[in-house]
Number of protein chains: 2
Amino acid sequence: MNNFEFCSPTDFVFGKGVAIQVGPKLKALGATCVMVQYGGGSVVRNGILETVTKSLDEAGLKYIVKGGVRANPEVTFVREAIVEAREAGVDFLFAVGGGSVMDSCKATAAGLCHDGDVWDLFVKKDGAPVYPIDECLPVGMVLTIPAAGSEGSDSMVITNEELGMKSGRGAEALRSKVSFMDPTYTFTLSPEQTAAGITDMFAHLLERFFSETGNVPITDNLNLSIMKTIRACAPRVLENPEDYEARANIMWAATLAHNGLAGMGRAGDWACHAIEHELSAIDASIPHGAGLAVIFPAWMQYVYKENPERFVLYGQEVFGISRTDDVEADARRAIEATQLFFISLGMPARLADFNIHEEDIEGMIPTLIANKGEIFGSFKKIGADDARAIYRIAL
Amino acid sequence: MNNFEFCSPTDFVFGKGVAIQVGPKLKALGATCVMVQYGGGSVVRNGILETVTKSLDEAGLKYIVKGGVRANPEVTFVREAIVEAREAGVDFLFAVGGGSVMDSCKATAAGLCHDGDVWDLFVKKDGAPVYPIDECLPVGMVLTIPAAGSEGSDSMVITNEELGMKSGRGAEALRSKVSFMDPTYTFTLSPEQTAAGITDMFAHLLERFFSETGNVPITDNLNLSIMKTIRACAPRVLENPEDYEARANIMWAATLAHNGLAGMGRAGDWACHAIEHELSAIDASIPHGAGLAVIFPAWMQYVYKENPERFVLYGQEVFGISRTDDVEADARRAIEATQLFFISLGMPARLADFNIHEEDIEGMIPTLIANKGEIFGSFKKIGADDARAIYRIAL
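Rules used in this analysis
Residues numbered from 1 in each chain as written. Chains lettered and ligands numbered in written order. Predicted model: local features only at pLDDT ≥ 70, side-chain atom pairs only at ≥ 80, totals over all residues. Heavy atoms only, no water. Helix = DSSP H or I, 4+ residues; strand = E, 2+ residues; numbered from the N terminus. Rg over C-alpha atoms; globule rule 2.2 N^0.38 Å. Buried < 20%, exposed > 50% of the residue type's maximum accessible area, 1.4 Å probe, protein only. Contact = heavy atoms within 4.5 Å. Areas by Shrake-Rupley, 256 points an atom, 1.4 Å probe, with all protein chains shown as cover. Lys, Arg positive; Asp, Glu negative; His and termini not counted. Charge placed at Lys NZ, Arg CZ, Asp CG, Glu CD. Least-squares fit on C-alpha atoms with pLDDT ≥ 70 in both. Buried area = accessible area lost by both parts, 1.4 Å probe. Salt bridge = Lys/Arg side-chain N within 4 Å of Asp/Glu carboxyl O. Polar contact = N/O pair within 3.5 Å; in protein donor to acceptor, adjacent residues only side chain to side chain. Nonpolar A, V, L, I, M, F, W, Y, C, P; charged D, E, K, R; others polar. Pairing = 2+ DSSP bridges. Axes fitted to C-alpha atoms, helices over the stretch in contact; angles between N-to-C directions. Parallel < 35°, antiparallel > 145°, perpendicular 65-115°, else oblique. Left-handed = near helix turned anticlockwise from the far one by under 90°. Patch = residues over 30% accessible without salt bridge, like charges linked within 9 Å, V, L, I, M, F, W, Y side chains within 5 Å. Expected span 1.5 Å × (residues − 1). Bend = angle between axes of the 7 residues up to and from the residue.

**Considering the overall build of chain A**
- Counting its secondary structure elements, chain A contains 14 helices and ten strands.
- A compact globule built from 395 residues would reach a C-alpha radius of gyration of about 21 Å, and chain A, at 20 Å, matches this within 12%.
- Dimensions of chain A, computed from the C-alpha atoms along their principal axes, are close to 65 × 45 × 45 Å.
- Across the 395 residues in chain A, those meeting the buried criterion constitute 61%.
- Residue pairs at least 24 apart in sequence account for 78% of intrachain contacts in chain A once pairs closer than 6 positions are excluded.
- When the accessible surface of chain A is split by element, carbon and sulfur atoms take 50% of a total near 14,000 Å².
- Computed over 34 positive and 52 negative side-chain charges, the inter-centroid distance for chain A is 3 Å.

Rendered as structure tokens:
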């Protein structure tokens, strides 16, 4: 068990009707002028945005509203938001939406405290960030898509559309002050959004479970318990999108999958996230979760021989696969069960489904290495050639 | 799944050698004058206290040291500490020890912000506290006994030795700002301390698992995963007290068992804790964990018919008990496995082991009701007659 530090100071306010507490909670946190960001028009149409602004009004807080955050949020939007927030005297960033909106708010909040262009904060040298993020305006959110875990995580991912580059960044200062989570807000998610979100949260657990660290029972069992819950509740939400209990379990699972707890005392791997991020450079419309559904099984096939026993434990606990005397065969069954689980959600299985082919692979390698360094990953150390091989398995 | 709010802002600093960070971390938190409390002399003898004071010295922080906190910490000690802390201008309370020392620090910190006697904060009417705890000086700790979970919880328990009364109190303001957890510090715990601690943390999970709320898979699975870990690691620490991995797993499990996470979206029960607390009034030297080892199986026998299926799930996941067609028999097997687990740790099985007998029962009822109200508990509503029956089963 590795030494670790864990601090998750976010106030999670969870359940039916909690969004009416936005105004009073933000006021108690010292907000005076809030920038509310959102994505497309769904939060306008379904009234969630209005619930939030009404609550801010009633608490006597000033606010400005800025819609238009895209999936794979773009640095151009963040730059605009920073200018507008500065002009308006904003002192609190508040997201109404999913991970993209939250990450856009986090980047805006960090950018407002950075003397220079906000993209600086995403620039890396040998896989390590160049600028520190010690300060950040407070951020909060009403979550509408359980997936990215940004409501509880210390991280954000922003795309530089000019450079064709997607870059993630972590810092304790980026954690949400308060995250409001109402499972009924997820009733209207499409099956595709629901499934991509489930794949994303599941992948956050896989990245933490499969690493070079030996068994850490407290963390491993906790991680497996969340995967098991997701696997059990996923078919329920797809079958009945208004199953409150299943939606609530999935929503809280997404947070626990990515606030850090499921990896305490262990190294993380994160090679698959890095390899998947490069798909966006080819087609920015690929949902992150759908990309992971394709990349993860390919990575598993490429790396499992490093420690097949770990895959057997995972297969047993999450998919109920009985052990046999053939550890490698059991490990392969766990990998197959993973891919079948993603397919059962309606996720794609091959890069070809995104119209990505052999000839596209080489183009993704340079930015991958620029983002992650020459060697990355933990369960197995991955370099450019390994990444090429994993993309090929996924074709 | 019930609505809930969860905020665990404690900075957990975990692993070998972390106590040298005490000075810098407390300084960063704004401490200028620290009161360090400890219990008996063990932290003096094994050098942990010196590591802490040296780190405070090196960070240039003033401090005063006050030893002598007893198991089941007493309000008289807290009153003295408040006077001394006020005189010295203390602005941070720091515990070096287990839950008793931490609770003494929490009570001191809350008492310093209360205009009146500190016992006021523990006085209840119909089971509810009379005074709010909105403010509290910051507290932190170096943990040496994994058990009470006070390093991450929002609660404290103090004994009024004059009134013969033990009273618990919870408030968000009571959460530790920073908790240092070095598993090597637990190598020297006696088998009795180790076992009582394990029983205590296990009981914190049971109190959250068995309540009136229906199944909440995400929380239930997480809770069961911690119990499973404790059950697997307990024999290892008893067999080899210097097994770092097992000690580390047990230590982090104790925190996760009681920071609230294992009960999110569920009612808690806490009847057993209340019923056990009254044993201290008869004999203050009974370790809390040992008392719980006797009370919990008795409570289980008394209540299991309310929802035997819940016991079957618990037995299956934690003790690997296979299901049969006889749900009640399976539930009883889970209860038996619980008692055998506690006995395997060296815990007592009967109140007679504490020299508590039939004639002592009636004396415990009035303070129990004063502390908890006429009706308490959740899995089954418990009144005075039920408590009498549970004590009788435990005789």
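Next comes the rest of the write-up.
**Re the relation of the copies chain A and chain B**
- Rotating chain A by 180 degrees and translating it 0.0 Å along the rotation axis places it on chain B, where the RMSD comes to 0.0 Å. This pairing of chains is accounted for by a two-fold axis. By C-alpha distance to the rotation axis, the residue of chain A lying nearest is A:Pro9, at 1.9 Å.

**Structural notes on the interface of chain A and chain B**
- Taken together, the 38 residues of chain A in the interface contact 38 residues of chain B.
- Here chain A meets chain B over a buried area of about 3,200 Å², counting both sides, of which 55% is carbon and sulfur.
- Per-residue buried area on chain A facing chain B is highest for A:Met1, A:Ile218 and A:Trp252; these three make up 20% of the total on that side.
- Linking chain A to chain B there are four salt bridges.
- Between A:Lys25 and B:Glu5 there is a salt bridge, with the nearest N and O atoms lying 2.5 Å from each other.
- Connecting chain A to chain B are 16 residue pairs in polar contact (both at pLDDT 80 or more).
- At the level of elements, β1 (4–14), α7 (217–239) and α8 (244–258) of chain A are the ones that each hand at least two residues to the side of chain A that touches chain B.
- No other element matches the eleven residues that β1(A) contributes to the side of chain A that touches chain B.
- Taken together, the residues that form the side of chain A that touches chain B break down as 21 nonpolar, ten polar and seven charged.
- Note: β1(A) against strand β1 (residues 4–14) of chain B, seven bridges, orientation antiparallel. Bridge pairing in β1(B) links A:Ser8 to B:Ser8.

**Quick look at the environment of B:Asp330**
Residues and elements named next belong to chain B.
- Mapping Asp 330 onto the fold places it in helix α12 (residues 327–344).
- The class of Asp 330 is buried, set by a relative accessible area of 2%.
- Sequence spacing of Asp 330 and Pro 235 is 95 residues, and the spatial spacing of their C-alpha atoms is 24 Å.
- The residues contacting Asp 330, other than those within four sequence positions of it, are Val 312, Ser 322, Arg 323 and Thr 324.

**Quick notes on the side chain of B:Thr219**
- Along the chain, B:Thr219 falls in helix α7 (residues 217–239).
- Filtering out sequence-adjacent residues up to four positions away, B:Thr219 remains in contact with A:Trp252, B:Leu261, B:Ala262, B:Gly263, B:Met264 and B:Arg266.

**Considering the packing of α7(B) against helix α11 (residues 308–319) of chain B**
Residue and element names in this part refer to chain B.
- Contact geometry of α7 with α11 gives a least axis separation of 9 Å together with a crossing angle of 45 degrees. It follows that α7 is oblique to α11 by the angle criterion. Between α7 and α11 lies a crossing whose hand is right-handed. Touching Asp 220, Leu 224, Met 227, Lys 228 and Arg 231 of α7 are Arg 310, Leu 313, Tyr 314, Glu 317, Val 318 and Phe 319, all from α11.

**Here we look at the packing of helix α13 (residues 358–372) of chain A against helix α14 (residues 384–394) of chain A**
All names here are of chain A.
- At a minimum axis separation of 10 Å, α13 and α14 run at an interaxial angle of 140 degrees. Two packed elements cross with a definite hand, and for α13 against α14 that hand is right-handed. For the pair α13 and α14, the contacting residues are Glu 358, Ile 361, Glu 362, Met 364, Ile 365, Leu 368 and Ile 369 in the first and Ala 384, Ala 387, Arg 388, Tyr 391 and Arg 392 in the second.
- Here the contact of α13 with α14 is composed, by residue class, of eight nonpolar, no polar and four charged.

**A word on the sheet that holds strand β2 (residues 33–38) of chain B**
- Within the open sheet, the twelve strands sit side by side as β3(A)-β2(A)-β4(A)-β7(A)-β10(A)-β1(A)-β1(B)-β10(B)-β7(B)-β4(B)-β2(B)-β3(B). Their pairing is mixed. Bordering the open sheet on either side are β3 (62–66) of chain A together with β3 (62–66) of chain B, each of which pairs with just one other strand. Recorded for the sheet is a direction-independent mean angle of 20 degrees between the axes of neighbouring strands.
- As paired elements, strand β4 (residues 92–97) of chain A and strand β7 (residues 139–143) of chain A share five bridges and run parallel to each other. Of the residues in β7(A), the one forming a bridge with A:Gly97 is A:Leu143.
- With respect to the sheet, helix α5 (residues 99–111) of chain A is in contact with β2 (33–38), β4 and β7 of chain A, its orientation differing from that of β4(A) by roughly 170 degrees.
- Most of the contacts of helix α3 (residues 48–58) of chain B go to β3(B), to which it runs at about 160 degrees, and overall it touches β2, β3, β4 (92–97) and β7 (139–143) of chain B.

**Focus: the pairing of β4(A)**
All names here are of chain A.
- With six of six residues buried, β4 lies mostly within the body of the structure.
- A two-sided burial pattern is seen for β4, the buried positions comprising Phe 92, Phe 94 and Val 96 on one face and Leu 93, Ala 95 and Gly 97 on the other.
- Sheet analysis places β2 next to β4, joined by five bridges and oriented parallel. If you follow Met 35 over to β4, its bridge partner there is Leu 93.

**A few points about a nonpolar patch on the surface**
All names here are of chain A.
- A contiguous nonpolar surface patch, about 230 Å² in accessible area, is contributed by Val 123, Val 130 and Tyr 131.
- Structurally, Tyr 131 is set in the loop between β6 (128–129) and β7.
- The exposure class assigned to Tyr 131 is partly exposed, which follows from its relative accessible area of 37%.

**Topic: α13(A)**
All names here are of chain A.
- The terminal C-alpha atoms of α13 lie 22 Å apart, and with 15 residues this matches the ideal 21 Å at 1.5 Å per residue to within 8%.
- The largest bend in α13 is about 30 degrees, located at Met 364, with the proline Pro 366 one to four residues further on.
- Taken together, the buried positions of α13 are Ile 361, Met 364, Ile 365, Thr 367, Leu 368, Ile 369 and Asn 371.
- Directly beyond the C-terminal end of α13, a positive phi value near 90 degrees is found at Gly 373.

**Some details on the pattern of salt bridges**
- Scanning the entire structure with this criterion turns up 42 salt bridges over all chains.
- The partner of A:Glu172 in a salt bridge is A:Arg175, with the nearest N and O atoms 3.0 Å apart.
- Judged by its relative accessible area of 6%, A:Arg175 falls in the buried class.
- Ionic pairing is found between B:Glu58 and B:Lys54, a salt bridge with its closest N-O pair at 4.0 Å.

**A look at helix α5 (residues 99–111) of chain B**
Residue and element names in this part refer to chain B.
- The end-to-end C-alpha distance of α5 is 18 Å, a good match for the 18 Å that 13 residues give at a rise of 1.5 Å each.
- Taken across its 13 residues, α5 has twelve buried, putting it largely inside the fold.
- Among all positions in α5, only Gly 99, Val 101, Met 102, Asp 103, Ser 104, Cys 105, Lys 106, Ala 107, Thr 108, Ala 109, Ala 110 and Gly 111 are buried.
- Structurally, α5 contributes buried residues whose contacts are with β2, α4 (75–88), β4, β7 and β8 (155–160).

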